[in-house]
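Results of the structural survey
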Amino acid sequence: MATLILRIAVPSPLDRTFDYLPPPDCDLSALAPGVRVRVPFGHRDVIGFLVGTADGTAVVPDALRSAHAILDAEPVLSAETLNFLQWAQRYYHHPPGEVLATALPTLLRQGEPAIPPDIPVRWRITAAGREALAIGTALRRSAGQRLLLEHLAPYPAGLTTVSLRTTARNPSAILRTLRAKGWVEPHAAPGPENPPNPCSRSNLARPVLNEAQAAAVAAVVAELDHFQAFLLEGITGSGKTEVYICLIEAVLARGRQALVLVPEIGLTPQLLSRFNERLPGPLAVMHSGLTDRERLNAWLLARDGLARVVVGTRSAVFAPLRTAGLLIVDEEHDSSLKQQDGFRYHGRDLAVMRGQQLNIPVVLGSATPALETYHNAQRGRYTRLSLPERVGGGRESPIEVVDLRRQRLTEGLSQPLLARAGEHLARNEQVLLFLNRRGFAPVLFCHECGWLSQCHHCDARMTIHLRQGQLICHHCGDQRAVERACPLCGSVDLRALGQGTERLENALQTAFPDIPITRIDRDSTRRRGSLEVLLAGITAGGARLLIGTQMLAKGHHFPDVTLVGIVDADQGLYGIDFHASERMAQLILQVAGRAGRADKPGTVLIQTHQPGHPLLQILVSQGYPAFAAATLAERKAALLPPFTYQALLRAEATTAEQATAFLRAGLALAETIADGVELLGPAPAPMERRAGHYRAQLLVQALQRQDLHRFLDLWVPRLRAKKRDQRVRWSLDVDPIELY
Ligand code: ADP
Ligand code: ZN
Ligand code: ZN
C-alpha cells in the first residue's frame, strides 16, 4: 500500500519542498494543504507549511523522516492564498520558504496559534481631556497630544491603539503621557469604532460624484463579478480617493472585502483617516511599523472577514481575504511597491495577478502612471479611466522652467526663484522647495589638493551632515567626524560642494529671517512623532517655507502652498539608468500636486541647467501623458521595457574577480538554453563597490515574456545546483525597476 507523503515548504533558501511521513497519530482525513507542520530539518525543528500530498517520494526510505506534529485543525493558508503564493514563487523564481517568510506574519511562522485576539483595549477621552482641548493653551506646546485628543473626541466608545496610528506614528507613547495627565482612559467595552456623528456617514457627508468620477465608478461596478484591470488616472485632487471609497462601499454592499495597497502608511494619514471616517470599521492596517503581535492581529481580522477593508503596504498583497471583492493599488507607479531585496516582488504586478486568480477587478490609481501600466492600457489589457480635472475646478499648477546657466546662485537657488518665493510669502502663503538630497552637502573637498570625502567602503562620496558634525555614507551608513584639515595635505581650506536640505535651510534662514521654516527629511523626522508635529505646523497655516526630500512629495496635501520650487531637476535628466527620467517626471508632478487648491492655484518652478532637454520640454508644455508617450516611443526604439522583458542576475563578493567569475559561469550555463533571450554582461554594477563588496551583474532580456520565463525555468535551477564559490552572494531580480 502506498504511504501518504507530505510535501512541506520549510523556511530555507533551497528552491524546493521537502517530503515527510505524517506524524504517527495523525488523522489523515483531516489533513488539508495550508496547515502548519512541525518537522525535523537538519538538526533543528522548524515550522513548515503543507503544500500538498503525494503517494510516493524519491527520498530513500531510510532518509525519510516523520513530521512531529500538525499545528492547525484548519489551514492557516487558504487554497487561494497557497495557489497565489506558489504562482508568485514560480514567477519570481524564488524559494518557497522565503516567499512564505515574506508573505506571513512572523508569529504564525513561529507557531503561534492562529486565533483571533480578544477585544482590544480602547482609549477614550476624559472630561478633563475635553476641557484641556477646549482651553487650548494647555496643549499649545504639544501638537502630537492635541492631534490625538482631537482625534479621540468624536468617539465616545474610544479607539484602539492600532487605529490611532493613523494620527500618530507612536500613539502608545503619547497615550501614556495623556493618561498620566488624566486626559484619556483605557476601557475594554466593545463598540463601533466609528464616530456616532450622524453626518459623517450619511449622504450629507458623501459628496455628489462629478461626471468623470461617476463614470469611473460605474465602469468598475459593472465588472465587479470578474477580473478586469483598470487604470484610474487623475491628478492629485481629482477625486481618486473618493472613487475608491465608492467602489469599496459597492463591494461591501455585496458582502465582500476590499484590499487597498498604498506606498507608505506613514505618508498617507489623510487617506487612512478618510477610510476610517467613511467606511464601517474595523480596518485591518498592515505595514512594517507594526509589532509582530499587531501584525498577526491585523492578519487574523482580514482572514476571518472581521475587517472588511484591508489597507497596507506592499506585503499586504498577500493578506488573507475571506471573501475578496476588489483590489486597489494607490500610487501604482511608486517604486516602494517593489521589494528590493530577498524576495523581489512587485506589489502592483502581484495584485493584478491575484485579481486574475480571484476573478475580481483590480484598480490601479495614479496621477503619473508607470509606463508599463500606460503601455498595458494602450494595448487594451487594462481599461483606462480618467479624472481630467481637479474637484472644484482648480486648475493644474502651471510649470515654468528657470534656466540656471550663467545665473548667480545663492546656495543653489536662483534669483528668480528667491524673488518669487518672497512674493508668495509676503502674501502670507507657503512655499515648498523640493531637493531630493538630505544632509548639508553631498561632498567635502580640499581646495588645496583636490581630496574628496570618499567612503572607504563604497564607490561613493560621504555626505556632510553639519548638525551632527559627521560625514555619513548614504549607501553603507558608515560615518566619521567631519575633518577639520585635509587628511592628504593638511590644508584647512576644506569646502562643501553642492547642496543638501540642511544647507538649503541655512540659506533660506538668511534670505528670509522672519519666516518659519519646516524641513522634512529622514533626519528631521527620525524621532517618533516628529513628522506629525512638523505637519501640524504646516497645517496651522500662515507664511512658511517648506523644505523637503521625497518624503514631502507623497500623500500630504498642503492647501496653503502656492509656490513649489524644484531645486535641482538635472539629477533625473541624465541618469545612467533608463528609468531615471520617468522617476523624475513622476516626482516633479507629485511635488507639484501637493500645492494649491481651487481658490489659490499653485505655480511650479523647475531649476535646471538643461532647459532645452526634449523630455523636460514635453513634460512642461504638454503634461505627463505626452511625456509618457514620448518616453514610450524612445523605449520602443531602444528595445527597452515595457517593450522587452528583463531579469537581472546580481552577484557580489569581496573581490571583483569572484563576482564576475560567478556570472561568467552563469553565462556558460545559459549557452545551450538561451532561446529567444539575450544575455548582456557580465558588467560591473554602476556603483561597483558598496559596503565593501564588489558588485557585478548579468542582464537577461527577451522580446517575449514567455521566452524569458522559459529560459529562467531552465537556467535558475542550474545556477542553484552549481557548486559555487561560497564567498559569492547572488540574487535574481525579475522585472527589475533599477539596473544596479
Ligand atoms: P485624489 O485622491 O485624486 O487626490 P480626493 O478624492 O482626495 O482626490 O479629492 C480631493 C478633495 O476633493 C477631497 O477633499 C475630497 O473630499 C474632495 N472631493 C472629491 N470628490 C468630490 C466631489 N465629487 N464633490 C465634492 N468634493 C469632492
Ligand atoms: Zn588637501
Ligand atoms: Zn559607504
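Conventions used here
- Residues numbered from 1 in each chain as written.
- Chains lettered and ligands numbered in written order.
- Predicted model: local features only at pLDDT ≥ 70, side-chain atom pairs only at ≥ 80, totals over all residues.
- Heavy atoms only, no water.
- Pairing = 2+ DSSP bridges.
- Helix = DSSP H or I, 4+ residues; strand = E, 2+ residues; numbered from the N terminus.
- Axes fitted to C-alpha atoms, helices over the stretch in contact; angles between N-to-C directions.
- Domains from an automatic or database assignment.
- Contact = heavy atoms within 4.5 Å.
- Buried area = accessible area lost by both parts, 1.4 Å probe.
- Salt bridge = Lys/Arg side-chain N within 4 Å of Asp/Glu carboxyl O.
- Polar contact = N/O pair within 3.5 Å; in protein donor to acceptor, adjacent residues only side chain to side chain.
- Nonpolar A, V, L, I, M, F, W, Y, C, P; charged D, E, K, R; others polar.
- Near = heavy atom within 4 Å.
- Areas by Shrake-Rupley, 256 points an atom, 1.4 Å probe, with all protein chains shown as cover.
- Parallel < 35°, antiparallel > 145°, perpendicular 65-115°, else oblique.
- Left-handed = near helix turned anticlockwise from the far one by under 90°.
- Donors = N, O, S within 2.8 Å, 3.2 Å for Na, K, Ca; no water.
- Tetrahedral: all angles 85-135°; square planar, octahedral: opposite > 155°, others 65-115°.
- Buried < 20%, exposed > 50% of the residue type's maximum accessible area, 1.4 Å probe, protein only.
- UniProt positions renumbered as here; feature names shortened; annotations may be inferred.
- pLDDT = per-residue confidence, 0-100.

So, about the sheet that holds strand β21 (residues 463-465). Pairing between sheet strands relies on hydrogen bonds along the backbone, with the strands arranged either parallel or antiparallel. As summarised here, the arrangement of the three strands in space is β21-β22-β23, forming an open sheet in which the pairing is antiparallel. Bordering the open sheet on either side are β21 and β23 (479-481), each of which pairs with just one other strand. With strand direction ignored, the average angle separating the axes of adjacent strands in the sheet is 30°. Where strand β22 (residues 470-472) meets β23, three bridges bridge the pair, whose relative direction is antiparallel. Counted as the bridge partner of Gln 470 is Ala 481 from β23.

So, about the domain arrangement of the protein chain. Examined at the domain level, the protein chain breaks down into domain 1 (5-109), domain 2 (121-188), domain 3 (210-236 + 251-269 + 283-393), domain 4 (399-441 + 498-634) and domain 5 (645-734). On a C-alpha basis, the centroid separation for the pair domain 3 and domain 5 is 32 Å. Each side of the interface is counted separately: domain 3 has four residues, and domain 5 has six residues. Buried area between domain 3 and domain 5, summed over both chains or domains, comes out near 340 Å², and the portion from carbon and sulfur atoms is 22%. The three residues of domain 3 that bury the most area against domain 5 are Lys 338, Arg 344 and Arg 379, which together make up 87% of that side's buried surface. Linking domain 3 with domain 5 are two salt bridges. Here Lys 338 ties to Asp 733 by a salt bridge, and the two come within 2.8 Å at their closest N and O atoms. At the boundary of domain 3 and domain 5, one finds three residue pairs in polar contact (both at pLDDT 80 or more). When its residues are assigned to classes, the side of domain 3 that touches domain 5 shows no nonpolar, one polar and three charged.

Surrounding ligand 1, one finds 15 residues, the nearest of these being Val 208, Gln 213, Gly 237, Thr 241 and Arg 274. Contact between ligand 1 and Val 208: a nitrogen atom at 2.7 Å from a main-chain N or O atom of the residue. The backbone of Gly 237 places a nitrogen or oxygen atom 2.7 Å from an oxygen atom of ligand 1. Look at ligand 1: alone it shows 560 Å² of surface, and the protein chains cover 68% of it. Ranked by the residues each element gives to the shell around ligand 1, the list is headed by helix α9 (residues 240-253), at three residues. Of the residues belonging to the shell around ligand 1, the class tally is five nonpolar, seven polar and three charged.

Here we take up the packing of helix α21 (residues 656-670) against helix α22 (residues 705-721). Direction vectors running N to C along α21 and α22 enclose 130°, while the axes themselves pass 10 Å from each other. Comparing their axes, α22 and α21 come out oblique. Pair α21 / α22 crosses with right-handed handedness. Residues Phe 662, Gly 666, Leu 669 and Ala 670 of α21 pack against Phe 711, Trp 715, Arg 718 and Leu 719 of α22.

Moving on, we come to the coordination of the zinc ion (ligand 2). For a metal with four tetrahedral donors the ideal donor-metal-donor angle is 109.5 degrees, while six octahedral donors give ideal angles of 90 or 180 degrees. Listed as protein donors to the zinc ion (ligand 2) are Cys 446 (SG), Cys 449 (SG), Cys 486 (SG) and Cys 489 (SG); their distances from the metal cover 2.3 to 2.4 Å. Angles of 105 to 114° at the metal separate the four donor atoms of the zinc ion (ligand 2), which places the site in the tetrahedral class. Each donor residue of the zinc ion (ligand 2) belongs to the same chain, with the gaps between them written as C-x2-C-x36-C-x2-C. Classification of Cys 489 by relative accessible area gives partly exposed; the value is 39%.

Take the UniProt feature "binding site: Zn(2+) 2" (unreviewed entry) in the protein chain next. Under the feature "binding site: Zn(2+) 2" (unreviewed entry), the UniProt entry names Cys 455, Cys 458, Cys 473 and Cys 476. Judged by maximum C-alpha separation, these annotated positions cover 22 residues in sequence but sit close together in space, the widest gap being only 8.8 Å. The topology assignment puts Cys 473 in the loop between β22 and β23. Residue classification places Cys 473 among the buried residues on the basis of a relative accessible area of 2%. Residues within four places of Cys 473 in sequence aside, it is in contact with Cys 455, Cys 458, Met 462 and Asp 478. Within the element layout of this structure, Cys 476 appears in the loop between β22 and β23.

What follows concerns the coordination of the zinc ion (ligand 3). The coordination sphere of the zinc ion (ligand 3) contains the protein donors Cys 455 (SG), Cys 458 (SG), Cys 473 (SG) and Cys 476 (SG), at a distance range of 2.2 to 2.3 Å. Given four donor atoms and angles of 106 to 115° at the metal, the environment of the zinc ion (ligand 3) is assigned as tetrahedral. Of note, the donors binding the zinc ion (ligand 3) are all from one chain and are spaced C-x2-C-x14-C-x2-C. You can call Cys 476 partly exposed: its relative accessible area is 27%.

So, about the pattern of salt bridges. Across all of its chains, the model carries 36 salt bridges by this definition. The closest approach of N and O atoms between Asp 19 and Arg 7, which form a salt bridge, is 2.9 Å. With Asp 19 in strand β2 (residues 18-20) and Arg 7 in strand β1 (residues 5-9), the pair connects residues that are 12 residues apart, well separated along the chain. You can call Arg 7 partly exposed: its relative accessible area is 29%. We note a salt bridge from Asp 72 to Arg 36, for which the minimum N-O separation is 2.8 Å. Here the residue Asp 72 occupies a position in the loop between β5 (69-70) and α1 (79-91), and Arg 36 occupies one in strand β3 (residues 36-41), the gap between them amounting to 36 residues.

Here we come to the packing of helix α18 (residues 580-593) against helix α20 (residues 624-637). Closest axis-to-axis distance for the α18/α20 pair is 11 Å, and the angle between their directions is 175°. Accordingly, the angle class assigned to the pair α18 and α20 is roughly antiparallel. Two secondary-structure elements touch here, α18 through Ser 581, Glu 582, Ala 585, Gln 586 and Leu 589 and α20 through Tyr 624, Phe 627, Thr 631 and Arg 635. Residue classes in the contact of α18 with α20 are distributed as four nonpolar, three polar and two charged.

Here we take up the confidence of the model for the protein chain. Any residue range with low pLDDT should be treated as having predicted coordinates unsuitable for detailed reading. On average, the protein chain scores 88 in pLDDT, and the residues at 70 or more come to 95%. Scored below 50 in pLDDT, residues 195-204 shows 14 contacts in the model against residues more than four places distant or in partner chains.

Here the focus is the pairing of strand β14 (residues 362-366). For β14, the buried fraction is high: five of the five residues fall into the buried class. Side-chain alternation along β14 places Val 362, Leu 364 and Ser 366 on one buried face and Val 363 and Gly 365 on a second face that is also buried. As paired strands, strand β9 (residues 229-234) and β14 are joined by five bridges and run parallel to one another. In the strand pairing of β14, Leu 232 is matched with Gly 365. Pairing analysis gives four bridges linking strand β13 (residues 324-330) to β14, with the strands arranged parallel.

Right, let's get into the sheet that holds β14. Pairing is parallel in the open sheet, where seven strands are placed in the order β11-β12-β10-β13-β14-β9-β15. Only two strands of the sheet have a single neighbouring strand rather than two, namely β11 (283-286) and β15 (382-387). Geometrically, the sheet is characterised by an average inter-axis angle of 20° between neighbouring strands, direction not taken into account. Of the strand pairs in this sheet, strand β10 (residues 257-261) and strand β12 (residues 309-312) are connected by four bridges, and their pairing is parallel. In the strand pairing of β12, Leu 259 is matched with Val 310.

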